[in-house]
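Examining the three-dimensional arrangement
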Amino acid sequence: MVTRTVIQGAAIATVDGAGTEYVDGHLVVEDGRITAVGAGPSPPGPQDTVVDGRGCLATPGLVNTHHHLYQWATRGYAQQSSLFNWLVELYPVWAGLDEDITRAAATAGLLRLAQTGCTTAADHHYVFPADGGDLLGATVDAAAGVGLRLHAVRGSMDRGISHGGLPPDSLIETTDGALAGTQAAIDRWHDPAPDSAVRVAVGPCSPFSVSPELMSGAAELGRAAGVRLHTHLAETLDEEVQCLAEYGCTPVEYAERTGWLGPDVWLAHGVHLSDAGIAALAAGRTGVAHCPTSNARLGAGAARIADLLAAGVPVGLGADGAASNEDGGLGGELRQATYLARMQGGADALDVRQALWLGTLGGALCLGRADELGSLEPGKLADIALWDLAGVAHAGIADPVAALVLGALPPLRLLLVGGRAVLADGRPVHVDEDAAARDLAAASTRLAAAAGLIRR
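Residues numbered from 1 in each chain as written. Predicted model: local features only at pLDDT ≥ 70, side-chain atom pairs only at ≥ 80, totals over all residues. Heavy atoms only, no water.

A closer look at the overall build of the chain
Note the cut-off: Working definition: helices are DSSP H or I runs of at least four residues, strands are E runs of at least two. Numbering for both runs from the N terminus. Working rule for contacts: check all heavy atoms of both residues, and any pair within 4.5 Å makes them a contact. We count Lys and Arg on the positive side and Asp and Glu on the negative side, and we leave His and both chain ends out. Charged side chains are reduced to one point each, which is NZ for Lys, CZ for Arg, CG for Asp and CD for Glu.
A count of helical and extended segments in the chain gives 14 helices and 17 strands. In the chain, of all internal contacts separated by at least 6 residues, the share reaching a separation of at least 24 is 74%. With 29 positive and 51 negative side-chain charges, the chain shows a separation of 4 Å between the mean positions of the two kinds.

Here we look at the nonpolar core
Heads up, the condition is: Think of a nonpolar core as a cluster: buried Ala, Val, Leu, Ile, Met, Phe, Trp, Tyr and Cys residues, connected wherever their side-chain atoms sit within 4.5 Å. Burial classification: accessible surface area is computed with a 1.4 Å probe over protein chains only, and a residue below 20% of its type maximum counts as buried, one above 50% as exposed, and the rest as partly exposed.
Counting 122 residues, the largest nonpolar core has Trp86, Leu87, Trp94, Leu110, Leu113, Tyr126 and Leu308 as its most contacted members. In terms of residue count, helix α2 (residues 99–115) provides more of this core than any other element does, nine residues in total. Judged by nonpolar contacts, the second largest core, of 15 residues, contains Ile7, Val29, Ala382 and Ile384.

Observations regarding the pattern of salt bridges
For clarity, the threshold we go by: Within this document, salt bridges are pairs made up of a side-chain nitrogen of Lys or Arg and a carboxyl oxygen of Asp or Glu, the two lying within 4 Å of each other.
Per the counting criterion, the structure on display carries 21 salt bridges. With a closest N to O distance of 3.7 Å, Arg103 and Asp100 form a salt bridge. With a gap of three residues between them, Arg103 and Asp100 both fall in helix α2, about one helical turn apart. A salt bridge links Asp388 to Arg413; the shortest N-O distance between them is 3.2 Å.

Examining the environment of Glu433
With respect to the helices and strands, the residue Glu433 is situated in helix α14 (residues 433–450). Dropping the residues within four chain positions of it, Glu433 is found in contact with Leu111, Gln115, Arg427 and Pro428.

Brief notes about the pairing of strand β9 (residues 198–204)
Each regular strand carries side chains that alternate between the two faces of the sheet. Definition in use: In this analysis, strands are considered paired if DSSP registers two or more bridges between them.
Judged by how many residues are buried, β9 sits mostly within the fold: seven of seven residues are covered. On β9, burial covers both faces: Val198, Val200, Val202 and Pro204 on one face and Arg199, Ala201 and Gly203 on the other are all buried. Sheet analysis places strand β8 (residues 149–156) next to β9, joined by seven bridges and oriented parallel. If you follow Leu150 over to β9, its bridge partner there is Val198.

A closer look at helix α8 (residues 275–284)
For α8, every residue scored as buried is listed here: Gly277, Ile278, Leu281, Ala282 and Gly284. The inward-facing, buried residues of α8 contact α7 (251–257), β11 (265–269), β12 (287–290) and α10 (305–311). Downstream of α8 by a residue or two, Arg285 has a phi angle that is positive, lying close to 55°.

What about the environment of Asp327?
Under the convention used in this document: Whenever two N or O atoms come within 3.5 Å, that pair is a polar contact, provided that in protein one can donate a hydrogen and the other can accept it, and provided that, for residues adjacent in sequence, both atoms are side-chain atoms.
With respect to the helices and strands, the residue Asp327 is situated in the loop between β13 (315–317) and α11 (332–345). Note: C-alpha distance between Asp327 and Asp158 (169 residues apart in sequence) is 30 Å. Not counting the four nearest positions on each side in its chain, Asp327 is found in contact with Trp72 and Arg112. Engagement of the side chain of Asp327 in a polar contact is seen with the side chain of Arg112, the distance being 2.7 Å. Of the polar contacts made by the side chain of Asp327, one reaches the backbone nitrogen of Gly329; its length is 3.0 Å.

A few points about unusual backbone geometry
The phi dihedral of Val15 falls on the positive side, at around 55°, and the residue is not glycine. Mapped onto the elements, Val15 comes out in the loop between β1 (5–13) and β2 (21–30).

So, the side chain of His125
Along the chain, His125 turns up in strand β7 (residues 118–125). Here the side chain of His125 touches Val127 through a polar contact of 2.8 Å, landing on its backbone oxygen. Residues contacting His125, with those up to four places away along its chain left out, are Tyr70, Thr102, Leu135, Leu136, Thr139, Val153, Arg154 and Gly155.

Focus on the packing of aromatic side chains
The cut-off we apply is this: Stacked, edge-to-face and tilted are the three classes for Phe, Tyr and Trp ring pairs, Trp counted by its six-membered ring, which pair at centre distances within 6.5 Å; planes under 30 degrees apart are stacked, over 60 edge-to-face, the rest tilted. In this scheme, the term charge over a ring applies when either NZ of a lysine or CZ of an arginine sits within 6 Å of the ring centre and within 35 degrees of the ring normal.
As enumerated under the stated definition, the model contains six aromatic pairs in all. Considering the side-chain rings of Tyr70 and Tyr126, the 6.0 Å spacing of their centres and the 85° angle between planes classify their relative orientation as edge-to-face. You can see Tyr70 sitting in the loop between β6 (62–64) and α1 (83–94) and its partner Tyr126 sitting in the loop between β7 and α3 (135–146), a full 56 residues away along the chain. Taken as a pair, Tyr70 and Tyr126 share a single burial class, namely buried. Here the aromatic rings of Trp86 and Trp94 are separated by 5.7 Å at their centres, their planes lie at 75°, and the arrangement is edge-to-face. Like Trp94, Trp86 is buried. Site record: aromatic cluster; members linked through ring pairs are Tyr70, Trp86, Tyr91, Trp94 and Tyr126. When the ring centre of Phe128 is taken as reference, the NZ or CZ atom of Arg154 above it lies at 4.1 Å.

Some points on the packing of helix α4 (residues 175–189) against helix α5 (residues 212–225)
Cut-off, in case you're wondering: The angle between two axes is taken between their N-to-C directions and runs from 0 to 180 degrees, where each axis is a line fitted to C-alpha atoms and a helix contributes only its stretch in contact. Here the angle decides the label: under 35 degrees means roughly parallel, over 145 means roughly antiparallel, 65 to 115 means roughly perpendicular, and every other value means oblique. Crossing handedness follows the turn of the near helix against the far one: under a right angle anticlockwise gives a left-handed crossing, and clockwise gives a right-handed one.
Two elements in contact, α4 and α5, have axes separated by 10 Å at closest approach and are oriented at 20°. Classified by the angle between their axes, α4 and α5 sit roughly parallel to one another. Here α4 runs over α5; the crossing is right-handed. Counting all contacts with α4, which are made through Thr175, Ala178, Leu179, Thr182, Gln183 and Ile186, the residues of α5 involved are Glu213, Leu214, Gly217, Ala218, Leu221 and Ala225.

Here we look at helix α12 (residues 352–366)
Counted only if it meets this: A helix is expected to span 1.5 Å for every residue after the first. Throughout, the bend at a residue refers to the angle made by two axes, fitted to the seven residues ending there and to the seven starting there.
With 15 residues, α12 should cover 21 Å at 1.5 Å per step; its first-to-last C-alpha distance of 20 Å lies within 8% of that length. Helix geometry: α12 is bent most strongly at Leu358, by close to 45°. In terms of residue burial, α12 counts as a mostly covered element, since 11 of its 15 residues are buried. Those residues of α12 that sit buried are Val352, Ala355, Leu356, Leu358, Gly359, Thr360, Leu361, Gly362, Gly363, Ala364 and Cys366. At the N-terminal end of α12, a side-chain oxygen is found 3.0 Å from the backbone nitrogen of Arg353, two or three residues along, and the residue is Asp351. Positive phi appears at Gly368, one or two residues downstream of α12, with a value of about 75°.

This is the structure in structure tokens:
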């Protein structure tokens, strides 16, 4: 007899196309998928694992559409720098990355994401020191250890300081080497199966660290391999100035020239977009990973989320690298996205259910997995966050979605990925949190020492 998991008595926000919600509902999970969701209780069988969801809100697991997990080893640097200066300070430190540091950083980062409701994370890794070892493999290992789904974005840079880029020449690859490394990552790890734990995407870093040849070549490679494409675009005004000076066009126009608009592309940030730029993204069904905390931390600005949504652009949320978002969690981005949108467009610019959509189904659309993830519907993967709203921090908020988005981030009573518990009563199931913290602290200290820095 197959053992089922039955969540009883919870408020449920399904985030389905009709916005279905239940004040007191049930979820049934079997063989890693949701088999039933509805109002009231579900009669449990004798072998069922029954979870008491009273006082809780069940939502789809959150989907992180943009991160740099290795950056967990370099939090707290360049505290008052804008993006370009921040990168110039951090690139020499990242030159000391190796497998052990990357594994420790990724484990801590993924654990933090899980603790804030995330079940799927897209990680953009584009720094590959020549003697660093298998850094992407270390990240894949970390995701398996924590128990989250990973979209490993194999990044690349082929434009160093000597050719007008920002990274040191020691950190870049040749164009051919970057393309070969990307193909190797796809061959080794990409799993297109509907319930896959690891998928690979193609991810040259950004227009100011990558040649046009690598941008267009990576797009061609990704499409030939049937994987998705991801890069940074339109994050700062400095980027637009540089793009206009070098290529005579805006970043969006440059993306279009090099093959980087389309339904298989999602772009990180999209902060500085004109009306024409938004229209171009909408026409191509190109997604945007909105990273509100990181954009605020670096003073980059706030993406026009209400306008993007109104135009029909797929938009998800991203925590971004923890060196520009030291919190490193995803759940808090629901509130940040809501508040930044309202600062731009008024109190009705983004409501709490739109914010939850961004963090769930919107993210799944960006990653090309809306048929599998992002809503609580029969047949979809059982990636479920059960938020505990029973405490004083949320008492008296009648709307559970408002409690989640506008209130303090609730603890998790349960986090399921494919029906398997990753967190139970707020504690990780597969990794030792204290050991992860010690490993991260040691990795951060070793990386700083290698860069000749003394960390206080």
